[in-house]
Amino acid sequence: MIRTENLTKVYRMGDAEVYALHDVNLEIQEGEFIAIIGPSGSGKSTLLNMIGCLDTPTSGAVFIDGIDTGKLSENGLAEIRRKKIGFIFQQFNLVHTLNALENVALPMFFAGVRREIRLDRAEELLVNVGLGDRMHHKPPEMSGGQQQRVAIARALSNDPEVVIGDEPTGNVDTETGNTILDILEGLNKEGRTVIVVTHDAEIAARAGRTKRMRDGKVLD
Amino acid sequence: MVIKGVKQIPMIDKFLLAYRSIRERRTRSILTVLGIAVGIAAIVSLMSVGYGMEEAITGELTGMADMISVVPGKITGHAYVELGSFTDRDVKDVQRISGIKDITAMTYDAVEVEYRNKRAPIFVLGGDTKELGGFYVEPVGIKEGRWLRENDFKGCVIGDRVANDFFDEVIHVNDKLIINGEKFIVVGVFEKASTMYAADVDPHIFLTLRASQEVLQTDEVKYIMVRIYDLEEAEGIAEEIEERINDNHGLDDFAMAMTMGSMIEQIGDVFNIIRGVLVGIAAIALVVASIGIMNTMLMSVMERTHEIGVMKAIGAKSSDVLSLFLLESSMVSLVGGMVGCVLGVVAAKVISLGAGTALGIEFGAVVKPEVLLGGMAVAMIVGVLSGFYPARKASRMSPVEAVRYE
């Protein structure tokens, strides 16, 4: 379902070239739960950003459902992000001026879903992550764990096939981490592909497959 | 479950989200609106005060434009040299010129005037009461009492400065003045005259023709005022007046007939300077306003680069994000422009009132619709463009880059 081909990302730091990703070839099957682990700076997040169409590679390609994403227009990429992928950030990245309900409904807003429908669905998603009583709170009024659950609900709002988590438990306590892990596992059981970058050995243990990265390369 | 969306986000939805975003950042939004408003207020107030000044000057000039004043003398350098006086024949000849509506012949001289044992030299002006009244009473106005009647041989009407400035005590109606040894009763006091009439009315005492001839011990006509029908003919009539009187006296340069048009020309330079200053002020206000608006708008959108990144990361098209921010910018700019117009009008009124009081002249700010519209246009154009620029820049970044931006 997702395949990278010699995926390379080079950052320029003055005169030096730093390979964040170096010829990464990775294949992820539909319905898989895959954890990518590795030390900081090994390129895990960069890889996720490429798969999630949030960043463009220096060379190489990402194929999603057989489509070469490098050949897509700006709007084409936006469509993939909107419809196929739900992205969960370590920093949550919620819009602070909007309440939980509106944050969850935002991807549906950009998909042109009618207001009543998107608010109904957002409410349902928040109830599912256990935030039925926090819908009208704004992110600054919520704990890290609550914010991350809002972010998960938001990632699911356009019913994506792929859920990508970049250290989703990195900024929450252990108990919330477990809850989030349960949710991710549940999503995988529903048939979604779940790709997670983590330091968390627990997640790695519960994932169906684990890939290790170092110095921009995926180790076998 | 598959969530179906439409291709386009409904406008009302965008509008609501933009409005919500403005409202939630209340402090930021108010500051941005004020930033724009101050700039627009500067433009509106300065232009309105400027137009007010211009109108104060042109208004009076056009109010007097149908008048020609004729004096028996000429201006050499900066001084007026009197060459004699007019005769009855001069007055009659001038009266016969076609195109003349009213004419009044006056005699005047400076004499000693006494009020409550204080003495001062004051110009006394005498003429036909009806004619004289026709020239001065309506435009200047009587503050106290009434204008002279033909048989008011012992009555006088005084100008504002005579009443208030020339003696220690203020003179009122029914007070007695001794003019060149003769007793007179004040029957009326003029209002303070506006700039163009001030020299003619404020420092003078007005008498009936007979009384002035007695007091001044002369029946010489020293000043003829003419009012004409058609402004276009002013210069022609003025020349004809000069010719006829000069013929009567056998001199080339005896009479000088001044139209208000020629006076306007004389102060035309001053006028051009005022205009130039106005344009300069407007230009400066425009630049200052634009820079201020750009600054506030750029900052308020730039600090939301992260938010733009988040929107893109969850699947917003660049064009959708841009249109959201454009909507927001235009709403803020519109409100800023309106607030600016209101503040500008208020400021203009206050400034013109203060300046008028300080300079002792009367003028009000003139608020022209085109200035208000221009102010709104500046707010909208500069505001929207300077909101658009950083929004476009942010929406062109990759989502990762924009999300990282702090």
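So, how was this worked out
- Going along each chain's sequence as written, the residues are numbered from 1 onward.
- Naming scheme: in the order in which they are written, chains are lettered from A and ligands are numbered from 1.
- Residue-level local features of this predicted model are given only where pLDDT is at least 70; pairs of side-chain atoms are given and counted only at 80 or more, and the full residue set underlies all totals for whole chains, interfaces and linings.
- Each side-chain value is derived from all of the structure's non-hydrogen atoms; neither hydrogens nor water enter the calculation.
- Here a strand is any run of E in DSSP of at least two residues, a helix any run of H or I of at least four, and the numbering for each starts at the N terminus.
- Computation of the radius of gyration draws on C-alpha atoms alone. For the globule rule, the value is 2.2 Å times the number of residues to the power 0.38.
- Under the convention used here, a 1.4 Å probe and the Shrake-Rupley method define accessible areas, while residue burial counts only the protein chains that appear.
- Positive charges are assigned to Lys and Arg, negative charges to Asp and Glu, while His and the chain termini are left out of the count.
- Here the site of a charge means atom NZ of a Lys, CZ of an Arg, CG of an Asp or CD of a Glu.
- At least two DSSP bridges between two strands are needed for those strands to be called paired.
- The contact rule is simple, with two residues in contact once any of their heavy atoms fall within 4.5 Å.
- Fitting a line to C-alpha atoms yields each axis, with helices limited to the stretch in contact; the angle taken between N-to-C directions then spans 0 to 180 degrees.
- By buried area we mean the combined loss of accessible area, with a 1.4 Å probe, across both parts when two parts are placed together.
- Any Lys or Arg side-chain nitrogen found within 4 Å of a carboxyl oxygen on Asp or Glu counts as a salt bridge.
- Side-chain atoms alone can form a polar contact between residues adjacent in sequence; in general such a contact is a pair of N or O atoms within 3.5 Å, and within protein one must be able to donate a hydrogen while the other accepts it.
- Residue ranges for the domains originate in an automatic or database domain assignment.
- Each patch is assembled from residues with relative accessible area greater than 30% and no salt bridge, linking like charges that lie within 9 Å and nonpolar side chains (Val, Leu, Ile, Met, Phe, Trp, Tyr) that lie within 5 Å.
- When an angle is under 35 degrees it counts as roughly parallel; over 145 it counts as roughly antiparallel; between 65 and 115 it counts as roughly perpendicular; any other value is oblique.
- Only Asp, Glu, Lys and Arg are considered charged in this grouping, and only Ala, Val, Leu, Ile, Met, Phe, Trp, Tyr, Cys and Pro are considered nonpolar; every other residue, Gly among them, is considered polar.
- Classification of residues uses two cut-offs on accessible area relative to the type maximum, computed with a 1.4 Å probe and protein chains only: under 20% is buried, over 50% is exposed, and between them is partly exposed.
- Expected helix span is taken as 1.5 Å per residue step, with the number of steps being one fewer than the number of residues.
- Pairing of aromatic rings covers Phe, Tyr and the six-membered ring of Trp, with a centre-to-centre limit of 6.5 Å; geometry is then stacked below 30 degrees between planes, edge-to-face above 60, and tilted otherwise.
- Whether a charge lies above a ring is judged from NZ of Lys or CZ of Arg, which has to be within 6 Å of the ring centre and within 35 degrees of the ring normal.
- Nonpolar cores are built from buried Ala, Val, Leu, Ile, Met, Phe, Trp, Tyr and Cys residues. Side-chain atoms within 4.5 Å join them into one set.

*Asks:* Looking at this model, I keep getting lost on the overall build of chain B. Mind explaining?
*Replies:* In terms of helices and strands, chain B carries 14 helices and 12 strands. Here the C-alpha radius of gyration of chain B, 33 Å, is well above what a compact globule of 406 residues would show, namely 22 Å. Oriented by its inertia axes, the alpha-carbon framework of chain B measures out at about 110 × 45 × 35 Å. Surface accessibility of chain B: about 20100 Å² in total, with carbon and sulfur atoms responsible for 59%. Computed over 39 positive and 53 negative side-chain charges, the inter-centroid distance for chain B is 16 Å.

*Asks:* Help me understand the sheet that holds strand 1 (residues 2-13) of chain A in this model?
*Replies:* Hydrogen bonding along the main chain pairs the strands of a sheet, whether they run parallel or antiparallel. All names here are of chain A. Judged by pairing direction, the sheet is antiparallel, and its four strands sit side by side in the order 2-1-4-5 without closing on themselves. Of all strands in the sheet, those bounded by a partner on one side alone are strand 2 (16-28) and strand 5 (67-68). Across two bridges, strand 4 (residues 59-64) lies against strand 5 in antiparallel orientation. Directly across from F63, in strand 5, lies its bridge partner D68. In the packing of helix 1 (residues 44-51) onto the sheet, the strands contacted are strand 1, strand 2 and strand 4, and the crossing angle to strand 1 comes to about 120 degrees.

*Asks:* It is not clear to me how the interface of chain B and chain A should be interpreted in this structure. Could you clarify?
*Replies:* One widely used convention gives an interface's size as the accessible area the parts lose upon coming together. Facing the 32 residues of chain B at the interface are 31 residues of chain A. Buried area between chain B and chain A, summed over both chains or domains, comes out near 2800 Å², and the portion from carbon and sulfur atoms is 61%. Run the count over chain B and chain A and you get four salt bridges. Note that K312 of chain B is salt-bridged to E74 of chain A, the shortest N-O span being 3.2 Å. Across the contact surface, chain B and chain A share nine residue pairs in polar contact (both at pLDDT 80 or more).

*Asks:* Explain the domain arrangement of chain B here, please?
*Replies:* Domains assigned within chain B are domain 1 (11-61 + 269-404) and domain 2 (66-259). Look at where the C-alpha atoms of domain 1 of chain B and domain 2 of chain B centre, and you get two points 54 Å apart.

*Asks:* Can you walk me through the side chain of S21 of chain B in this structure?
*Replies:* Residues and elements named next belong to chain B. The topology assignment puts S21 in helix 1 (residues 11-24). Separated by 2.6 Å, the side chains of S21 and R25 make a polar contact. With residues near it in sequence (within four places) discarded, S21 still touches R304 and E328.

*Asks:* Even after reading the chapter, I still don't get a negative patch on the surface, so can you show me in this structure?
*Replies:* Side chains of E235, E239, E243 and D247 of chain B sit close together on the surface and give a patch of like negative charge. By the element assignment, E239 of chain B lies in helix 8 (residues 234-249).

*Asks:* Explanation requested: the packing of helix 5 (residues 144-155) of chain A against helix 6 (residues 174-189) of chain A in the structure shown.
*Replies:* Helix packing geometry: the angle between the two helix axes and the distance between the axes. Residue and element names in this part refer to chain A. Remark: helix 5 packs on helix 6, axes separated minimally by 10 Å, with the N-to-C direction vectors making an angle of 10 degrees. When the axis of helix 5 is compared with that of helix 6, the two are roughly parallel. Together, G145, Q148, R149 and I152 of helix 5 and T176, I180 and I183 of helix 6 make up the contact between the two elements. In the contact of helix 5 with helix 6, the residues fall into three nonpolar, three polar and one charged.

*Asks:* Please explain the pairing of strand 1 (residues 67-71) of chain B as it appears in this structure.
*Replies:* For a regular strand, side-chain orientation follows a simple rule: the groups alternate between the two sheet faces. Residues and elements named next belong to chain B. Buried residues dominate strand 1, accounting for five of its five residues. Burial along strand 1 is two-sided: the face carrying M67, S69 and V71 and the face carrying I68 and V70 are both buried. When strand 1 meets strand 11 (residues 223-228), the two strands line up antiparallel, connected through four bridges. Bridge pairing in strand 11 places M67 opposite R227. Inspection of the sheet shows strand 1 paired to strand 12 (residues 256-259) by four bridges, in the antiparallel sense. Along strand 12, the bridge assignment pairs V70 with A257.

*Asks:* What is the right way to read helix 4 (residues 129-140) of chain B from this model?
*Replies:* Owing to its 3.6 residues per turn, the α-helix aligns residues three or four sequence positions apart on the same side. Residues and elements named next belong to chain B. With 12 residues, helix 4 extends 15 Å between its outermost C-alpha atoms, agreeing within 8% with the 16 Å of an ideal straight helix rising 1.5 Å per residue. Listing the buried residues of helix 4 in full gives T129, L132, G133, F135, Y136 and V140. Put simply, D128 is the residue that caps the front of helix 4, since its side-chain oxygen is 3.0 Å from the backbone nitrogen of K130. In the segment just after helix 4, G141 is the residue with positive phi, at about 90 degrees.

*Asks:* Help me out: how do you make sense of a nonpolar patch on the surface in this one?
*Replies:* Taken together, the side chains of L46, I273, V277 and I281 of chain B define a hydrophobic patch exposed on the protein surface, amounting to about 320 Å² of accessible area. Here I281 of chain B shows up in helix 10 (residues 268-302).

*Asks:* Looking at this structure, I do not really get helix 2 (residues 74-83) of chain A. What am I missing?
*Replies:* Listed as buried for helix 2 of chain A are G76, L77, A78, I80, R81 and R82 of chain A. Of the surrounding elements, those touching the buried residues of helix 2 of chain A are strand 4, strand 6 (85-88) and helix 3 (100-110) of chain A together with helix 11 (305-313) and helix 14 (399-404) of chain B.

*Asks:* Help me understand the sheet that holds strand 8 (residues 193-198) of chain A, please; the structure alone is not making it clear to me.
*Replies:* Residue and element names in this part refer to chain A. Taking strand neighbours across the sheet as the criterion, the six strands line up as 6-7-8-3-9-10 in an open arrangement whose pairing is mixed. The open sheet has two edge strands with one neighbour each: strand 6 and strand 10 (217-219). Within this sheet the neighbouring strands show an average axis-to-axis angle of 20 degrees, counted without direction. Relative to strand 8, strand 7 (residues 162-166) runs parallel, the two being bridged by five bridges.

*Asks:* I tried to follow the packing of aromatic side chains on my own but got confused; where do I start?
*Replies:* Here the distance between the centres and the angle between the planes together describe a pair of aromatic rings. Following the criterion strictly, the structure yields 10 aromatic pairs over all chains and no others. With centroids separated by 4.8 Å and ring planes inclined at 35 degrees, the aromatic side chains of F87 of chain A and F89 of chain A adopt a geometry described as tilted. The class of F87 of chain A is buried, set by a relative accessible area of 6%. Here Y136 of chain B and F206 of chain B contribute two aromatic rings whose centre-to-centre distance is 5.7 Å and whose plane-to-plane angle is 55 degrees, an arrangement assigned as tilted. Taken as a pair, Y136 of chain B in helix 4 and F206 of chain B in strand 10 (residues 204-208) lie far apart in primary sequence, 70 residues in all. Accessibility expressed as a relative area gives 0% for Y136 of chain B, which makes it buried. By relative accessible area, which is 0% here, F206 of chain B ends up buried. Residue placement shows K154 of chain B over the ring face of F184 of chain B; its charged tip is 5.3 Å from the ring centre. One residue, R210 of chain B, lies across the ring of F153 of chain B, its end atom 3.8 Å from the ring centre.

*Asks:* What is the right way to read the nonpolar core from this model?
*Replies:* Side chains that are nonpolar tend, in soluble globular proteins, to be buried together. All names here are of chain A. Counting 36 residues, the largest nonpolar core has L126, V150 and L184 as the members making the most contacts within it. Those elements giving two or more residues to this core turn out to be strand 3 (33-37), helix 3, helix 4 (115-128), helix 5, helix 6 and strand 8. Dropping the residues within four chain positions of it, V150 is found in contact with L94, A100, N103, V104, L126, L131 and M142. I2, L48, L54 and V197 belong to the second-largest nonpolar core, a separate cluster that totals 30 residues.

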